[in-house]
Amino acid sequence: MESLLVSDYMNTHPVKLNGDMTVAEAVEALLACGQSGGPVIDIKGKVIGFLSEQDCIAQMIASSYYREQICRVAEIMKAPVVVIKPYLSVIELAQLLIKNKPRVYPVVDDDGVLVGSINRTAVLRAIDVQLRSGYQRAS
């Protein structure tokens with residue numbers, strides 16, 4: 001199988017959250033872009049955390065129960081975050097996905113600045129495209 005790079009299949013316009021956002025604002029951003037979670041970045045664009053739908057749901061339930069409306073992303077985001085580089089092989093990423101829980105991985109450059117994200121669906125698509133290409137060459 002040819003080398004498939006994350007950069008060829010990553011989402012180059014991922015949702016970008018910041019720690020000062022309210023969870024309600026973050027939920028709106030996630031819903032608007034149809035992503036199941038997103039990286040939390042600092043003012044320099046470096047990834048400092050990750051917020052998932054699951055994190056948001058848990059907080060929204062707690063907020064409705066305790067009648068607390070304001071919670072900031074920084075209070076519930078997961079940190080540290082597993083990030084990957086755009087030059088990583090999709091096959092290597094697929095092996096990480098098999099072993100680890102994250103469904104979405106932030107993609108960062110060598111300075112730690114967010115350049116995209118990649119999820120399980122994109123990895124499946126990349127492998128499927130590669131396999132189809134191999135089948136066509138074999139026929």
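The structure we're discussing is the one just above.
Residues numbered from 1 in each chain as written. Predicted model: local features only at pLDDT ≥ 70, side-chain atom pairs only at ≥ 80, totals over all residues. Heavy atoms only, no water.

A. Quick look at the overall build of the protein chain. For the protein chain, the count of helices and strands is 5 helices and 4 strands. Expressed as a percentage of its 139 residues, the buried residues of the protein chain come to 39%. Put simply, of all contacts in the protein chain between residues at least 6 apart along the chain, 59% involve residues at least 24 apart. Just so you have it, the protein chain exposes about 8700 Å², and 55% of that area is on carbon and sulfur atoms. (Helix = DSSP H or I, 4+ residues; strand = E, 2+ residues; numbered from the N terminus. Buried < 20%, exposed > 50% of the residue type's maximum accessible area, 1.4 Å probe, protein only. Contact = heavy atoms within 4.5 Å. Areas by Shrake-Rupley, 256 points an atom, 1.4 Å probe, with all protein chains shown as cover.)

B. How the structure looks around helix α1 (residues 23-33). When α1 is considered as a whole, its buried residues turn out to be V23, A26, V27 and L30. Across the axial projection of α1, the buried residues extend over an arc of 100 degrees, all falling on one side. With respect to the buried face of α1, the exposed residues turned more than 90 degrees away are E28 and A32. Directly after α1, the chain includes G34, whose backbone phi takes a positive value near 70 degrees. (Arc of directions from axis to C-beta.)

C. How the structure looks around the pairing of strand β4 (residues 114-119). By the bridge criterion, 5 bridges tie strand β3 (residues 104-108) to β4 in an arrangement that is antiparallel. Within β4, the position partnered with V108 by the bridge is L114. Counting the residues in the hairpin turn of β3 and β4 gives 5 residues, including G112, whose phi is positive at 85 degrees. (Pairing = 2+ DSSP bridges.)

D. Just the side chain of S89, in detail. Its place among the elements puts S89 in the loop between α3 (73-76) and α4 (90-99). Judged by its relative accessible area of 11%, S89 falls in the buried class. When sequence neighbours within four positions are dropped, the list of residues in contact with S89 reads L4 and V6.

E. The state of the cysteines, seen in detail. Counted according to the given criterion, the structure contains 0 disulfides. Not engaged in a disulfide, the cysteine C71 finds its nearest cysteine sulfur in C56; these two sulfurs lie 9.2 Å apart. For C71, a relative accessible area of 5% puts it in the buried group. (Disulfide = S-S within 2.5 Å.)

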